[in-house]
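Structure at a glance
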Amino acid sequence: MLKVGLTGGIGSGKSTVAKVFEVLGVPVYYADDAAKRLMNEDEQLKQQLIHHFGEATYSNGVLNRAHLSSLVFQNKEQLELLNSLVHPATIADATQWFSRQSTPYVIKEAALLFESGTAEGLDKVIGVWAPETIRIKRVMDRDKVTAEEVKRRMNNQIDETIKMRLCDFIIQNNEQQLITTQVLELHGQLTQLANKQRT
């Protein structure tokens, strides 16, 4: 089974692209959603987070996202610490998820695919690219935040140009080219690659 990564900077539209693959019957593992779930369900991870970020990290057993965000998003060292705790748990969860799939190829959607070292365990990586101005506007509209806040978040990810160079395929999400057409073409290529791998 071919393991394919799907990544892109904040606001690039990678979740939208992932949904198109799902419509085509391709299973998608959403790493960010899994991380949020694990932070609420994985007892070992919960204890680690409380140890490093304080009792206020959880309120009535539920992750206090506002508290955690206030600590990490303006402090690079704290963010790196958080990622160093959450990424291994998410990678282990994804490995179990992969083992339960039976399609020719599967997709792992993650913002920090290269930053977390996860890309090393994948066969191919798709990058979703969009101009910075479009990305900023999308996130401002989606999260109701300022442009400065979006740029701060962008600074926690590797440069978009470098990220796209590391990818095997690129989908342009610049509001000029249809995503569906690009995904369909890529779906054909990945299915062929997966079949070759099987034989």
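Let us look at the structure shown here. (Residues numbered from 1 in each chain as written. Predicted model: local features only at pLDDT ≥ 70, side-chain atom pairs only at ≥ 80, totals over all residues. Heavy atoms only, no water.)

1. Remarks on helix α2 (residues 31-41)
Those residues of α2 that sit buried are A31, A34, A35, L38 and M39. End-on view of α2: buried residues confined to an arc of 135 degrees, all on one side of the axis. (Buried < 20%, exposed > 50% of the residue type's maximum accessible area, 1.4 Å probe, protein only. Helix = DSSP H or I, 4+ residues; strand = E, 2+ residues; numbered from the N terminus. Arc of directions from axis to C-beta.)

2. Points about the layout of surface pockets
It is a probe the size of a water molecule, rolled over the atoms, that shows where empty space is left. Put simply, the largest pocket is a space of about 1,200 Å³. What lines the largest pocket is a set of 43 residues, and nearest its centre among them are D32, K36, F73, A111 and Q157. Only α1 (14-23), α2, α4 (65-72), α5 (76-99), β5 (105-109) and α6 (132-143) provide two or more residues apiece to the lining of the largest pocket. Broken down by element, the residue count for the lining of the largest pocket peaks at seven residues, all from α5. (1 Å grid on protein atoms, 1.4 Å probe; cavity = no way out; pocket = protein on both sides within 12 Å on 5 of 7 lines; lining within 4 Å. Points joined across faces, edges and corners; volume = space filled by probe spheres on them.)

3. So, the nonpolar core
V17, F21, Y105, I107, I126 and L190 are the most contacted members of the largest nonpolar core, which totals 21 residues. Y105 has contacts with M1, L2, V4, F21, V26, P27, H187, L190, T191 and A194, leaving out every residue within four places of it along the chain. (Core = buried A, V, L, I, M, F, W, Y, C linked by side-chain atoms within 4.5 Å. Contact = heavy atoms within 4.5 Å.)

4. A short note on the environment of P88
Along the chain, the position of P88 falls in helix α5. When its relative accessible area of 46% is taken as the criterion, P88 is described as partly exposed. Between the C-alpha atoms of P88 and G117, which are 29 residues apart in sequence, the distance is 9.9 Å.

5. Notes on the pattern of salt bridges
Within this structure, the stated rule accounts for ten salt bridges. E149 is the salt-bridge partner of R152, the closest N and O atoms lying 2.5 Å from each other. With R152 and E149 both in helix α7 (residues 147-154), this residue pair falls three residues apart, about one helical turn. Overall, R152 belongs to the partly exposed group, its relative accessible area being 35%. (Salt bridge = Lys/Arg side-chain N within 4 Å of Asp/Glu carboxyl O.)

6. Details of the pairing of strand β7 (residues 169-172)
Here β7 shows a buried face lined by F169 and I171 and an unburied face lined by I170 and Q172. Bridge analysis of strand β6 (residues 124-129) against β7 gives four bridges, and the strand direction is parallel. Its bridge partner lying in β7, I126 is registered against F169. (Pairing = 2+ DSSP bridges.)

7. Describing a nonpolar patch on the surface
A cluster of nonpolar side chains, namely I158, I162 and L166, defines an oily patch on the protein surface of about 230 Å² accessible area. Residue placement: I158 occurs in the loop between α7 and α8 (160-165). (Patch = residues over 30% accessible without salt bridge, like charges linked within 9 Å, V, L, I, M, F, W, Y side chains within 5 Å. Areas by Shrake-Rupley, 256 points an atom, 1.4 Å probe, with all protein chains shown as cover.)

8. Considerations on the sheet that holds strand β2 (residues 28-30)
Taken in spatial order, the five strands make up an open sheet running β2-β5-β1-β6-β7, and their pairing is parallel. Taken across any chain shown, the strands that pair with only one partner, and hence form the sheet edges, are β2 and β7. Across the sheet, the axes of successive neighbouring strands diverge by a mean angle of 25 degrees, strand direction being ignored. Note that β2 and β5 share three bridges and pair parallel. Across the sheet, the residue bridging to V28 is I107, located in β5. (Axes fitted to C-alpha atoms, helices over the stretch in contact; angles between N-to-C directions.)

9. Points about the packing of aromatic side chains
Per the counting criterion, the structure on display carries three aromatic pairs. An aromatic cluster is defined as three or more aromatic residues linked by ring pairs; in this entry it consists of Y29, W97 and F98. (Phe/Tyr/Trp six-rings, centres within 6.5 Å; stacked < 30°, edge-to-face > 60°.)

10. Digging into unusual backbone geometry
With a phi angle near 55 degrees, N60 is a residue other than glycine that sits in the positive phi range. Residue position: N60 is located in the loop between β3 (58-59) and β4 (62-63). Positive phi is not limited to glycine here, since K144 has a value of about 55 degrees. Among the structural elements, K144 can be located in the loop between α6 and α7. Given a relative accessible area of 70%, K144 falls into the exposed group.

So far we have only geometry, and geometry alone does not tell us how the molecule works.
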